[in-house]
Amino acid sequence: MALYSARGLWHFLDSPEILATTSKLGFGWHGLDMQHGLWSEARIISVLATAPGGNIAVRLRSGSYADIGFALDAGAAHIIVPMVNTAEEAREAADAARYAPHGARSWGPMSALFGEPVLTPQEANDRLHLSVMIESAEGLENLQAILGVAGINSVFVGPVDLAMSLGTDVDSLLAAKDSPLAFIAKTCHDRRIEVGAFAGSPSRASAFEALGYDWVATATDMGLLKAGAAQALES
Ligand code: 3PY
Ligand code: MG
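Residues numbered from 1 in each chain as written. Chains lettered and ligands numbered in written order. Predicted model: local features only at pLDDT ≥ 70, side-chain atom pairs only at ≥ 80, totals over all residues. Heavy atoms only, no water.

1. Structural notes on the overall build of the protein chain
Next, step 1: On a plain count of helices and strands, the protein chain comes out with 12 helices and 8 strands.
Next, step 2: In terms of C-alpha radius of gyration, the protein chain reaches 17 Å, essentially the compact-globule figure of 18 Å for 235 residues.
Next, step 3: For the protein chain, the share of sequence-separated contacts (at least 6 apart) that also reach a separation of at least 24 residues comes to 61%.
Next, step 4: Accessible surface computed for the protein chain: about 10,800 Å², of which carbon and sulfur atoms make up 57%.
Next, step 5: Charge-centre separation for the protein chain: the mean point of 15 positive side chains lies 4 Å from the mean point of 26 negative side chains. (Helix = DSSP H or I, 4+ residues; strand = E, 2+ residues; numbered from the N terminus. Rg over C-alpha atoms; globule rule 2.2 N^0.38 Å. Contact = heavy atoms within 4.5 Å. Areas by Shrake-Rupley, 256 points an atom, 1.4 Å probe, with all protein chains shown as cover. Lys, Arg positive; Asp, Glu negative; His and termini not counted. Charge placed at Lys NZ, Arg CZ, Asp CG, Glu CD.)

Below, the structure is given as C-alpha coordinates:
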(Lines give C-alpha, C1' and ligand atoms only; values in the text may rest on other atoms or scores of the structure.)
(Ligands and ions follow the chains in the order given, each with its own letter.)
Protein backbone atom coordinates (compact mmCIF):
# COMPACT_ATOMS: atom_id res chain seq x y z
CA MET A 1 0.00 0.00 0.00
CA ALA A 2 1.26 3.45 -0.86
CA LEU A 3 2.62 5.61 1.92
CA TYR A 4 0.41 8.51 0.85
CA SER A 5 -2.94 8.49 -0.89
CA ALA A 6 -2.28 11.15 -3.51
CA ARG A 7 0.20 13.62 -4.87
CA GLY A 8 1.95 15.88 -2.39
CA LEU A 9 2.79 19.57 -2.18
CA TRP A 10 6.29 20.73 -1.39
CA HIS A 11 6.68 23.75 0.89
CA PHE A 12 9.70 26.02 0.61
CA LEU A 13 7.92 28.88 2.38
CA ASP A 14 7.82 28.53 6.16
CA SER A 15 4.18 29.50 6.36
CA PRO A 16 1.73 27.75 8.71
CA GLU A 17 -1.01 29.68 6.88
CA ILE A 18 -0.07 28.26 3.46
CA LEU A 19 0.12 24.83 5.02
CA ALA A 20 -3.30 25.22 6.67
CA THR A 21 -4.88 26.56 3.47
CA THR A 22 -3.44 23.98 1.11
CA SER A 23 -4.03 21.10 3.50
CA LYS A 24 -7.75 21.52 2.86
CA LEU A 25 -7.37 21.15 -0.90
CA GLY A 26 -6.82 17.41 -1.06
CA PHE A 27 -3.07 16.97 -1.44
CA GLY A 28 -2.14 13.58 -0.09
CA TRP A 29 0.85 14.86 1.83
CA HIS A 30 2.93 17.97 2.50
CA GLY A 31 6.71 18.15 2.48
CA LEU A 32 8.33 20.83 4.66
CA ASP A 33 11.78 21.60 3.32
CA MET A 34 14.39 22.56 5.92
CA GLN A 35 17.28 21.91 3.52
CA HIS A 36 16.54 24.35 0.70
CA GLY A 37 13.39 26.00 2.03
CA LEU A 38 12.91 28.61 4.72
CA TRP A 39 11.69 26.33 7.53
CA SER A 40 13.47 27.12 10.78
CA GLU A 41 13.48 24.86 13.79
CA ALA A 42 11.07 27.21 15.60
CA ARG A 43 8.59 27.08 12.72
CA ILE A 44 8.78 23.31 12.46
CA ILE A 45 8.07 23.02 16.17
CA SER A 46 5.04 25.32 16.03
CA VAL A 47 3.57 23.69 12.93
CA LEU A 48 4.00 20.15 14.23
CA ALA A 49 2.44 21.20 17.54
CA THR A 50 -0.80 22.18 15.81
CA ALA A 51 -1.00 20.50 12.40
CA PRO A 52 -2.28 16.99 11.84
CA GLY A 53 0.94 14.98 11.80
CA GLY A 54 -0.05 12.06 9.63
CA ASN A 55 0.60 13.49 6.20
CA ILE A 56 3.56 15.76 6.91
CA ALA A 57 7.09 14.85 5.88
CA VAL A 58 10.02 16.97 7.05
CA ARG A 59 13.04 17.11 4.74
CA LEU A 60 16.01 17.68 7.05
CA ARG A 61 19.08 19.79 6.42
CA SER A 62 21.29 16.73 6.87
CA GLY A 63 21.37 13.25 8.26
CA SER A 64 23.27 14.30 11.37
CA TYR A 65 22.34 12.88 14.75
CA ALA A 66 21.37 16.42 15.83
CA ASP A 67 19.12 17.18 12.85
CA ILE A 68 17.33 13.84 13.04
CA GLY A 69 16.87 14.09 16.81
CA PHE A 70 15.53 17.62 16.52
CA ALA A 71 12.77 16.76 14.04
CA LEU A 72 11.67 13.64 15.89
CA ASP A 73 11.64 15.43 19.24
CA ALA A 74 9.48 18.11 17.62
CA GLY A 75 6.96 15.41 16.71
CA ALA A 76 7.72 14.57 13.08
CA ALA A 77 6.45 11.13 12.13
CA HIS A 78 8.11 11.10 8.72
CA ILE A 79 11.58 12.46 8.05
CA ILE A 80 13.39 12.65 4.72
CA VAL A 81 17.18 12.59 4.97
CA PRO A 82 19.02 14.22 2.05
CA MET A 83 22.06 12.90 0.19
CA VAL A 84 22.35 9.41 1.56
CA ASN A 85 25.18 8.04 -0.56
CA THR A 86 26.43 4.97 1.27
CA ALA A 87 25.12 2.14 3.43
CA GLU A 88 27.14 3.62 6.28
CA GLU A 89 25.28 6.92 6.01
CA ALA A 90 21.95 5.07 5.83
CA ARG A 91 22.90 3.08 8.94
CA GLU A 92 23.82 6.25 10.84
CA ALA A 93 20.46 7.80 9.94
CA ALA A 94 18.51 4.69 10.93
CA ASP A 95 20.43 4.51 14.19
CA ALA A 96 19.84 8.16 15.06
CA ALA A 97 16.12 7.84 14.32
CA ARG A 98 15.17 4.96 16.61
CA TYR A 99 15.49 4.29 20.30
CA ALA A 100 17.36 1.27 21.65
CA PRO A 101 17.36 -1.62 21.02
CA HIS A 102 16.85 -0.65 17.37
CA GLY A 103 19.03 2.44 17.43
CA ALA A 104 20.67 5.07 19.57
CA ARG A 105 18.20 7.96 19.57
CA SER A 106 18.36 10.11 22.69
CA TRP A 107 15.15 10.32 24.74
CA GLY A 108 13.29 13.50 23.81
CA PRO A 109 9.49 13.49 23.84
CA MET A 110 9.29 17.27 23.41
CA SER A 111 5.90 17.10 21.69
CA ALA A 112 4.47 16.18 25.11
CA LEU A 113 4.97 19.85 25.97
CA PHE A 114 2.18 20.59 23.49
CA GLY A 115 -0.24 18.15 25.05
CA GLU A 116 0.55 15.21 22.79
CA PRO A 117 0.68 11.85 24.54
CA VAL A 118 4.16 10.66 25.39
CA LEU A 119 4.92 7.72 23.14
CA THR A 120 6.84 4.83 24.58
CA PRO A 121 10.18 4.20 22.88
CA GLN A 122 8.58 1.24 21.11
CA GLU A 123 5.62 3.33 19.90
CA ALA A 124 7.94 6.08 18.69
CA ASN A 125 10.07 3.55 16.82
CA ASP A 126 7.02 1.94 15.23
CA ARG A 127 5.45 5.24 14.22
CA LEU A 128 8.55 6.60 12.52
CA HIS A 129 8.80 6.57 8.75
CA LEU A 130 12.36 7.13 7.58
CA SER A 131 13.00 8.06 3.97
CA VAL A 132 16.50 8.37 2.58
CA MET A 133 17.23 10.44 -0.48
CA ILE A 134 19.03 8.93 -3.44
CA GLU A 135 20.37 11.89 -5.35
CA SER A 136 23.91 11.23 -6.47
CA ALA A 137 25.80 8.84 -8.71
CA GLU A 138 27.36 7.38 -5.57
CA GLY A 139 23.95 6.81 -3.95
CA LEU A 140 22.72 5.14 -7.13
CA GLU A 141 25.78 2.90 -7.21
CA ASN A 142 25.19 1.91 -3.57
CA LEU A 143 21.42 1.55 -3.81
CA GLN A 144 21.27 -2.17 -3.06
CA ALA A 145 23.51 -1.79 0.00
CA ILE A 146 21.51 1.21 1.23
CA LEU A 147 18.25 -0.71 0.87
CA GLY A 148 19.77 -3.55 2.85
CA VAL A 149 20.06 -1.38 5.96
CA ALA A 150 17.44 -2.23 8.58
CA GLY A 151 15.07 0.60 9.43
CA ILE A 152 14.92 2.34 6.05
CA ASN A 153 11.20 2.67 5.21
CA SER A 154 11.37 4.31 1.83
CA VAL A 155 13.49 6.04 -0.74
CA PHE A 156 12.90 9.56 -1.96
CA VAL A 157 14.66 10.57 -5.16
CA GLY A 158 16.07 14.06 -5.66
CA PRO A 159 16.15 14.18 -9.45
CA VAL A 160 17.83 17.58 -9.75
CA ASP A 161 20.89 16.61 -7.74
CA LEU A 162 20.90 13.14 -9.27
CA ALA A 163 20.80 14.53 -12.81
CA MET A 164 23.62 16.98 -12.05
CA SER A 165 25.70 14.24 -10.53
CA LEU A 166 25.16 12.08 -13.62
CA GLY A 167 25.97 14.97 -15.96
CA THR A 168 22.48 15.29 -17.42
CA ASP A 169 19.20 17.07 -16.71
CA VAL A 170 15.95 15.94 -15.15
CA ASP A 171 13.86 15.71 -18.33
CA SER A 172 16.56 13.72 -20.14
CA LEU A 173 16.78 11.42 -17.12
CA LEU A 174 13.01 10.92 -17.11
CA ALA A 175 12.90 10.24 -20.85
CA ALA A 176 16.01 8.05 -21.05
CA LYS A 177 15.70 4.48 -22.20
CA ASP A 178 16.79 2.29 -19.28
CA SER A 179 16.54 5.35 -17.06
CA PRO A 180 18.31 5.14 -13.69
CA LEU A 181 15.01 6.49 -12.31
CA ALA A 182 13.22 3.34 -13.50
CA PHE A 183 16.05 1.22 -12.08
CA ILE A 184 15.64 2.88 -8.68
CA ALA A 185 11.87 2.28 -8.65
CA LYS A 186 12.23 -1.37 -9.66
CA THR A 187 15.05 -2.05 -7.21
CA CYS A 188 13.04 -0.56 -4.35
CA HIS A 189 9.90 -2.49 -5.27
CA ASP A 190 11.82 -5.74 -5.61
CA ARG A 191 12.69 -5.24 -1.95
CA ARG A 192 9.16 -4.12 -1.06
CA ILE A 193 10.37 -0.62 -0.26
CA GLU A 194 8.26 2.29 -1.40
CA VAL A 195 9.79 4.93 -3.59
CA GLY A 196 8.93 8.59 -3.92
CA ALA A 197 10.37 11.54 -5.79
CA PHE A 198 10.42 15.27 -5.96
CA ALA A 199 8.72 16.08 -9.27
CA GLY A 200 7.94 19.77 -8.93
CA SER A 201 5.35 19.91 -11.71
CA PRO A 202 2.30 17.83 -12.64
CA SER A 203 3.85 16.71 -15.93
CA ARG A 204 6.98 15.46 -14.22
CA ALA A 205 4.79 13.89 -11.54
CA SER A 206 3.02 11.90 -14.26
CA ALA A 207 6.38 10.88 -15.71
CA PHE A 208 7.53 9.60 -12.33
CA GLU A 209 4.26 7.75 -11.79
CA ALA A 210 4.63 6.14 -15.20
CA LEU A 211 7.99 4.82 -13.99
CA GLY A 212 6.26 3.29 -10.97
CA TYR A 213 6.88 5.90 -8.29
CA ASP A 214 4.51 5.58 -5.34
CA TRP A 215 4.54 9.10 -3.91
CA VAL A 216 5.56 12.30 -5.66
CA ALA A 217 5.76 15.98 -4.80
CA THR A 218 3.74 17.30 -7.69
CA ALA A 219 4.23 21.03 -7.16
CA THR A 220 5.87 23.56 -4.87
CA ASP A 221 4.26 26.45 -3.03
CA MET A 222 6.61 28.90 -4.78
CA GLY A 223 5.89 27.40 -8.20
CA LEU A 224 2.14 27.66 -7.69
CA LEU A 225 2.44 31.23 -6.42
CA LYS A 226 4.48 32.30 -9.44
CA ALA A 227 2.23 30.48 -11.90
CA GLY A 228 -0.90 31.95 -10.34
CA ALA A 229 0.58 35.45 -10.35
CA ALA A 230 1.70 35.16 -13.96
CA GLN A 231 -1.72 33.90 -14.98
CA ALA A 232 -3.43 36.77 -13.20
CA LEU A 233 -1.23 39.27 -15.02
CA GLU A 234 -1.84 37.65 -18.40
CA SER A 235 -5.58 37.57 -18.07
C1 3PY B 1 16.56 17.29 -5.80
O2 3PY B 1 15.90 17.16 -6.84
O3 3PY B 1 17.79 17.17 -5.75
C4 3PY B 1 15.89 17.62 -4.56
O5 3PY B 1 16.49 17.54 -3.52
C6 3PY B 1 14.48 18.06 -4.62
O7 3PY B 1 14.16 18.92 -3.60
MG1 MG C 1 18.56 17.50 -3.69
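What follows picks up the thread again.
2. Observations regarding the site of ligand 1
Next, step 1: In the vicinity of ligand 1, the contacting residues are Arg-59, Met-133, Glu-135, Gly-158, Pro-159, Val-160, Asp-161 and Phe-198.
Next, step 2: In this structure, an oxygen atom belonging to ligand 1 sits 3.1 Å away from a main-chain N or O atom of Pro-159.
Next, step 3: Within the complex, 94% of the 230 Å² of free accessible area of ligand 1 lies under protein.
Next, step 4: With 3 residues, helix α8 (residues 159-165) is the largest single contributor of residues to the shell around ligand 1.
Next, step 5: Partitioned by chemical class, the residues of the shell around ligand 1 number 4 nonpolar, 1 polar and 3 charged. (Near = heavy atom within 4 Å. Polar contact = N/O pair within 3.5 Å; in protein donor to acceptor, adjacent residues only side chain to side chain. Nonpolar A, V, L, I, M, F, W, Y, C, P; charged D, E, K, R; others polar.)

3. So, the sheet that holds strand β1 (residues 8-11)
Across a sheet, paired strands are connected by hydrogen bonds in the backbone, their directions being either parallel or antiparallel.
Next, step 1: Read around the closed barrel, the 8 strands follow the order β1-β2-β3-β4-β5-β6-β7-β8; overall the barrel is parallel. Geometrically, the sheet is characterised by an average inter-axis angle of 25 degrees between neighbouring strands, direction not taken into account.
Next, step 2: Direction of pairing for strand β4 (residues 78-81) relative to strand β5 (residues 129-134): parallel, over a ladder of 4 bridges. Counterpart to Ile-80 in the pairing with β5 is Ser-131.
Next, step 3: Strands in contact with helix α11 (residues 202-210) are β7 (194-198) and β8 (215-220); relative to β8, the strand with the most contacts, it is inclined by about 170 degrees. (Pairing = 2+ DSSP bridges. Axes fitted to C-alpha atoms, helices over the stretch in contact; angles between N-to-C directions.)

4. Some points on the nonpolar core
Next, step 1: Ile-44, Ile-68, Ile-79, Val-155, Val-157, Ile-184 and Tyr-213 are the most contacted members of the largest nonpolar core, which has 54 residues in total.
Next, step 2: Looking at which element gives the most residues to this core, the answer is helix α4 (residues 87-97), with 6 residues.
Next, step 3: Among residues more than four places away in sequence, those in contact with Ile-79 are Val-58, Leu-60, Ile-68, Ala-71, Leu-72, Ala-97, Leu-128, His-129, Leu-130 and Ser-131.
Next, step 4: One finds Trp-29, Ala-57, Met-133 and Trp-215 within the second-largest nonpolar core, a separate group that totals 10 residues. (Core = buried A, V, L, I, M, F, W, Y, C linked by side-chain atoms within 4.5 Å. Buried < 20%, exposed > 50% of the residue type's maximum accessible area, 1.4 Å probe, protein only.)

5. A few points about the coordination of the magnesium ion (ligand 2)
Next, step 1: In this structure, Glu-135 (OE) and Asp-161 (OD) serve as the protein donors to the magnesium ion (ligand 2), at separations of 2.1 Å. With Glu-135 in the loop between β5 and α6 (137-141) and Asp-161 in helix α8, the pair connects residues that are 26 residues apart, well separated along the chain.
Next, step 2: A residue is classified by how much of its surface remains accessible, and Asp-161, at 22% relative accessible area, is partly exposed. (Donors = N, O, S within 2.8 Å, 3.2 Å for Na, K, Ca; no water.)

6. What to know about the pairing of β4
Next, step 1: Burial along β4 is two-sided: the residues His-78 and Ile-80 and Ile-79 and Val-81 are all buried.
Next, step 2: Both strand β3 (residues 56-59) and β4 contribute to a ladder of 2 bridges, which runs parallel. Looking at the pairing, Arg-59 lines up with Ile-80 of β4.
Next, step 3: Each parallel crossover has a hand, and the one from β3 via helix α3 (residues 65-73) to β4 is right-handed. (Right-handed = clockwise from strand over helix to strand, strands pointing away.)

7. Comments concerning the packing of aromatic side chains
Next, step 1: Following the criterion strictly, the structure yields 8 aromatic pairs and no others.
Next, step 2: Arranged with centres 5.0 Å apart and planes meeting at 75 degrees, the rings of Phe-208 and Tyr-213 form a pair that is edge-to-face. The same class applies to Phe-208 and to Tyr-213, which are both buried.
Next, step 3: Here the aromatic residues Trp-10, Trp-29, Phe-156, Phe-198 and Trp-215 are joined through ring pairs into a cluster of three or more. (Phe/Tyr/Trp six-rings, centres within 6.5 Å; stacked < 30°, edge-to-face > 60°.)

8. A word on the pairing of β7
Next, step 1: Within β7, 5 of the 5 residues are buried, which leaves it mostly tucked inside the rest of the structure.
Next, step 2: Residues Glu-194, Gly-196 and Phe-198 point to one face of β7 and Val-195 and Ala-197 to the other, with burial holding for every one of them.
Next, step 3: As paired strands, strand β6 (residues 154-157) and β7 are joined by 4 bridges and run parallel to one another. Within β7, the position partnered with Phe-156 by the bridge is Gly-196.
Next, step 4: As judged from the 3 bridges shared by β7 and β8, these two strands associate in the parallel manner. Within β8, the residue paired with Gly-196 across the bridge is Trp-215.
Next, step 5: In this region the chain leaves β7, passes through α11 and returns to the parallel neighbour β8; the handedness of that crossover is right-handed.

Geometric descriptors of this kind do not, in isolation, establish any biological role.
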